[in-house]
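Here's the letter readout for the chains.
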Amino acid sequence: MNTEKNIVKRYLYLVCVVVGLCIAGLFLALALRNKSLLQEHLRVQARAHFSNIVIIREWIAMHGGVYVFKGPGVESNPYLDSPDLLAADGRELTLKNPAIMTREFSQLSKNKKLNAFNITSLNPLNPNNTPDNFELQALQSFESGETEAFWVEENANGTRLRYMAPLIVEQSCLACHAKQGYSVGEVRGGISVAFGLDEINKSMFHNYIIILSLGIVSVALLVFIMWVFFRNMQERLDKAQASLKQMATVDALTNVANRASILERLSEGFGRHQRKLTQLGCLMIDVDYFKSVNDNFGHQKGDAVLKELARIVSDSLRSYDFFGRYGGEEFLLVMDGADEDNLAFVAERVRFLIEENLGTQCGLSGPITVSIGGTLAIAGDQSIDDVIHRADMALYKAKELGRNRVNILLGQADQEDNKS
């Protein structure tokens, strides 16, 4: 029984571990999926931001740049030929080409702590457009055919996602860049975009905590439900096993040991007797005139007689004596450690109790008696069959002598000793 319980427990632990790992895997996949979707969202956002900058640049390039009035903080672009004009009212204007406007937009965005972007090239006209490490690697990859680059970097200002895509030379670009040797369709640089990730990472961390908490709660709840289920299953299994054991070892009518169980106990005692560990006594009990009880009062009354007899005998025995139904109206009593006197004493006490109580307690007008044959296991016995045969011979002799008596046979059939 303990082995079976241990097997069930190990199975329960195994199932809990497997289910827990599966649920943990599902929540981990969910967390990774959320992270992947967020990264893809950021990439889409970076591409959209890059596209907006490129469209603005294209509009500016289509119109050959934009002239603005010169004033405090507005200087001429030193990399353009003749960028200045004099207006009719005498004010001076200067040309803002797409490159300088992109840089000034970028600086304005940084000042307002918005998403940063930067225009750069492997061969910049403006030294301020010199690429950093990420931009340099991205530009080199564009030369190899890559169409975009991503990078997550850590610095003193926090974590940020960087994105870069190439700028392709168009006809309008040659006005400023033809002298650098570019031709239409070539990569002449790129625009990098940067997004701060600190707030997003905090949100993601909180999201992971929520997912982890939900995972733990889900696993705990499922394990608890499975534990309750297995416990209920184990209780039912224990009851079923107990019922099967009772069916296998207990006589259904009298609720004492059945024939197989009493013979097994007798065999165990015989083994101890052969090892000279203890003496073994055996009493065969048979109801006198039991057929007449069935014929006169019906089989239900006969069953009641057998059940009450079993109760009377069971209540009178020592805790280590073993009593069971051998078959029909015959019962067998196995007594470990019994000697001749003890065997005769117990047999006579059982006979007396049955004669005094069985008939009355079964509602019969007259007494119900039993005949008892007893014996002790001896050195010459080869098996329990020899012991049972001798007890049965003693019982037969008790019947011959008039019933309602005890007969003890200690040796062979010719060594009888009638004690009543």
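Procedures and definitions
Residues numbered from 1 in each chain as written. Predicted model: local features only at pLDDT ≥ 70, side-chain atom pairs only at ≥ 80, totals over all residues. Heavy atoms only, no water. Phe/Tyr/Trp six-rings, centres within 6.5 Å; stacked < 30°, edge-to-face > 60°. Helix = DSSP H or I, 4+ residues; strand = E, 2+ residues; numbered from the N terminus. Buried < 20%, exposed > 50% of the residue type's maximum accessible area, 1.4 Å probe, protein only. Axes fitted to C-alpha atoms, helices over the stretch in contact; angles between N-to-C directions. Parallel < 35°, antiparallel > 145°, perpendicular 65-115°, else oblique. Left-handed = near helix turned anticlockwise from the far one by under 90°. Contact = heavy atoms within 4.5 Å. Nonpolar A, V, L, I, M, F, W, Y, C, P; charged D, E, K, R; others polar. Patch = residues over 30% accessible without salt bridge, like charges linked within 9 Å, V, L, I, M, F, W, Y side chains within 5 Å. Areas by Shrake-Rupley, 256 points an atom, 1.4 Å probe, with all protein chains shown as cover. Salt bridge = Lys/Arg side-chain N within 4 Å of Asp/Glu carboxyl O. Core = buried A, V, L, I, M, F, W, Y, C linked by side-chain atoms within 4.5 Å. Pairing = 2+ DSSP bridges.

As for the packing of aromatic side chains
Then, in step 1: The tally for this structure, following the rule as stated, stands at four aromatic pairs.
Then, in step 2: Centroid distance Phe50 to Tyr163: 6.2 Å. Interplanar angle 75°. Geometry classified as edge-to-face. Taken together, the positions of Phe50 in helix 1 (residues 2–62) and Tyr163 in strand 6 (residues 158–168) put the pair 113 residues apart, joining distant regions of the chain. For the residue pair Phe50 and Tyr163, the accessibility class agrees, reading buried in each case.

Here's the deal with the packing of helix 6 (residues 259–274) against helix 10 (residues 384–400)
Then, in step 1: Interaxial distance between helix 6 and helix 10 falls to 10 Å at its minimum, and their mutual angle equals 110°. One way to sum up the angle between helix 6 and helix 10 is to call them roughly perpendicular. Between helix 6 and helix 10 lies a crossing of right-handed hand. Taken together, the residues of helix 10 that come into contact with helix 6 (itself represented by Leu263, Leu266, Ser267 and Phe270) are Ile384, Val387 and Ile388.
Then, in step 2: Broken down by class, the residue content of the contact of helix 6 with helix 10 amounts to six nonpolar, one polar and no charged.

What about a nonpolar patch on the surface?
Then, in step 1: Among the surface-exposed residues, Leu221, Phe224, Ile225, Trp227 and Val228 lie close enough to one another that they form a single nonpolar patch of about 490 Å² accessible area.
Then, in step 2: Within the fold, Phe224 resides in helix 5 (residues 198–249).

Brief notes about the nonpolar core
Then, in step 1: Formed by 33 residues in total, the largest nonpolar core has its most connected members in Leu283, Leu309 and Phe323.
Then, in step 2: Of the residues forming this core, the biggest block, seven residues, is contributed by helix 9 (residues 340–361).
Then, in step 3: Not counting chain neighbours up to four residues away, the residues in contact with Leu283 comprise Phe331, Leu332, Leu333, Met335, Leu343, Val346, Ala347, Ile372, Gly373, Gly374 and Ile408.
Then, in step 4: Among the nonpolar cores identified, the runner-up in size contains 19 residues, and Leu42, Phe117, Tyr163 and Ile191 belong to it.

A short note on unusual backbone geometry
Then, in step 1: At Asn255, a residue that is not glycine, the phi angle is positive and equals roughly 65°.
Then, in step 2: Under the relative-accessibility criterion, Asn255 is labelled exposed at 54%.
Then, in step 3: Even without being a glycine, Tyr289 presents a positive backbone phi close to 55°.
Then, in step 4: Topologically, Tyr289 is positioned in the loop between strand 8 (280–287) and helix 7 (290–297).

A word on the sheet that holds strand 4 (residues 116–120)
Then, in step 1: Strand order in the open sheet formed by four strands is 4-7-6-5, with antiparallel pairing between adjacent strands. The sheet is open, and its two borders are formed by strand 4 and strand 5 (149–155), each paired with just one other strand. On average, each strand axis in the sheet is inclined to that of its neighbour by 25°, with strand direction left out of account.
Then, in step 2: The pairing of strand 6 with strand 7 (residues 187–196) spans nine bridges and is classified as antiparallel. Considered in strand 7, the bridge of Arg162 is made with Ala194.
Then, in step 3: Where helix 3 (residues 133–143) meets the sheet, it contacts strand 4, strand 5, strand 6 and strand 7, and its direction lies at approximately 35° from that of strand 6.

What to know about the sheet that holds strand 2 (residues 84–86)
Two modes of strand pairing occur in sheets, parallel and antiparallel, and in both the strands are linked by backbone hydrogen bonds.
Then, in step 1: As summarised here, the arrangement of the three strands in space is 1-3-2, forming an open sheet in which the pairing is antiparallel. Looking at strand neighbours, the two that pair on one side only are strand 1 (66–69) and strand 2, the edges of this open sheet. On average, adjacent strands in this sheet sit at an angle of 35° to one another, irrespective of strand direction.
Then, in step 2: Examined bridge by bridge, strand 2 and strand 3 (residues 92–96) share three bridges and lie antiparallel to one another. Paired with Leu85 across the two strands is Leu93, which belongs to strand 3.

Some remarks on the pattern of salt bridges
Then, in step 1: Following the criterion strictly, the structure yields 21 salt bridges and no others.
Then, in step 2: We note a salt bridge from Asp132 to Arg162, for which the minimum N-O separation is 2.7 Å. Taken together, the positions of Asp132 in the loop between strand 4 and helix 3 and Arg162 in strand 6 put the pair 30 residues apart, joining distant regions of the chain.
Then, in step 3: Owing to a relative accessible area of 31%, Asp132 belongs among the partly exposed residues under this scheme.
Then, in step 4: Ionic pairing is found between Lys291 and Asp295, a salt bridge with its closest N-O pair at 2.8 Å. Residue Lys291 and its partner Asp295 are located together in helix 7, separated by four residues, close to a single helical turn.

So, the pairing of strand 8
Then, in step 1: With eight of eight residues buried, strand 8 lies mostly within the body of the structure.
Then, in step 2: Every second residue of strand 8 is oriented toward a common face, with Leu280, Cys282, Met284 and Asp286 on one face and Gly281, Leu283, Ile285 and Val287 on the other, all of them buried.
Then, in step 3: Pairing of strand 8 with strand 10 (residues 330–336) involves seven bridges; the strand directions are antiparallel. Considered in strand 10, the bridge of Leu280 is made with Asp336.
Then, in step 4: Bridge analysis of strand 8 against strand 11 (residues 370–376) gives seven bridges, and the strand direction is antiparallel. Counterpart to Gly281 in the pairing with strand 11 is Leu376.

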